[in-house]
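# A look at the structure
Residue-level listing of the chains:
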Amino acid sequence: MTSTSIYGNDISFYKSIFPKISKVKKIKVEDKISENPINTTIQVAFNKEGKKLGFIREVNTTTGCNSACLPVIFTLFYNTKYEFLKLKSKTGLTKKLHRPMTEDDINRLHLLLGINPPIFKTVKHPTDMTDALTGATKPQYVDAVVKEAAYSTLRINTYNQDTISQLKKLAL
């Protein structure tokens, strides 16, 4: 574990979730999800007295569909009980045709992350969720995704579940 003081733009970004954050400790973890495993740290957030506030995972990935989709860049925040708190994105999340997700889309995404839709366990590849000709989300997945963001929803949920699992194994 390496200790790092945080400063600059990240501090205000992190402070929106952990108002009293003053330093983080980075922990190496395995990235089993991305083809190019670069999401290999989870940060433990502390206040100036050294009290643990929660956990942060920065993720920069693809949707996994190997198409013209934009990168999916987001930060996941967890409390000290390893429970998901919030998802934020510095760059903004997008959906079909690179349109930005709306506030309602993000709210729905938060709801879905809390539910962890069981149907995701049936997905072997993100493209299984959409019609190959039209690109429309298949009916059985419509209730489990953000409209026109099936691939992103699945990828973010996968990282969320993986992070919770890794936090529980680390038992920090």
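Residues numbered from 1 in each chain as written. Predicted model: local features only at pLDDT ≥ 70, side-chain atom pairs only at ≥ 80, totals over all residues. Heavy atoms only, no water.

### A short note on helix α3 (residues 150-170)
The first and last C-alpha atoms of α3 sit 30 Å apart over 21 residues, in line with the 30 Å expected at 1.5 Å per residue. Of all 21 residues in α3, 15 are buried; the element is thus mostly enclosed. (Helix = DSSP H or I, 4+ residues; strand = E, 2+ residues; numbered from the N terminus. Expected span 1.5 Å × (residues − 1). Buried < 20%, exposed > 50% of the residue type's maximum accessible area, 1.4 Å probe, protein only.)

### Notes on the packing of aromatic side chains
Counted according to the given criterion, the structure contains 7 aromatic pairs. Relative to F77, the ring of F18 lies with its centre 5.9 Å away and its plane at 65°, an arrangement referred to as edge-to-face. With F18 in the loop between α1 (9-15) and β2 (23-28) and F77 in strand β5 (residues 72-78), this pair connects stretches of sequence that are 59 residues apart. Residue class for F18 comes out buried when judged on its relative accessible area of 6%. For F77, a relative accessible area of 0% translates into the label buried. Three or more aromatic residues link up through ring pairs in this structure, and these residues are F13, Y14, F18 and F77. In this arrangement the basic side chain of K88 is found over the ring face of F13, its NZ or CZ atom lying 4.8 Å from the centre. (Phe/Tyr/Trp six-rings, centres within 6.5 Å; stacked < 30°, edge-to-face > 60°. Lys NZ or Arg CZ within 6 Å of the ring centre and 35° of its normal.)

### A word on the pairing of strand β6 (residues 84-88)
Where β5 meets β6, 4 bridges bridge the pair, whose relative direction is antiparallel. Bridging across to β6, T75 finds its partner in K88. Connecting β5 to the antiparallel partner β6 that follows it, the hairpin turn spans 5 residues, and Y82 within it adopts a positive phi of roughly 70°. (Pairing = 2+ DSSP bridges.)

### Some remarks on helix α2 (residues 103-115)
For α2, spanning 13 residues, the distance from its first C-alpha to its last is 19 Å, which sits close to the expected 18 Å at 1.5 Å a residue. Every buried residue of α2 is accounted for by D105, L109, H110, L112 and L113. Looking down the long axis of α2, one finds its buried residues gathered within 165° of arc, a one-sided arrangement. Residues of α2 that are exposed and point more than 90 degrees away from the buried face comprise E103, D104, G114 and I115. In this structure, the buried side of α2 is in contact with β6 and α3. N116 lies just past α2 and shows a positive phi near 55°. (Arc of directions from axis to C-beta. Contact = heavy atoms within 4.5 Å.)

### Side note on the environment of I21
Secondary-structure assignment places I21 in the loop between α1 and β2. Judged by relative accessible area, which is 3%, I21 ranks as buried. C-alpha separation for the pair I21 and E49, spaced 28 residues apart in sequence, amounts to 9.8 Å.

### Let's talk about the side chain of N160
Note that N160 resides in helix α3. Within the structure, N160 has its side chain in polar contact with the side chain of Y78 (distance 2.7 Å). In this structure N160 touches L76, Y78, F84 and L113, once residues within four positions along its chain are discounted. (Polar contact = N/O pair within 3.5 Å; in protein donor to acceptor, adjacent residues only side chain to side chain.)

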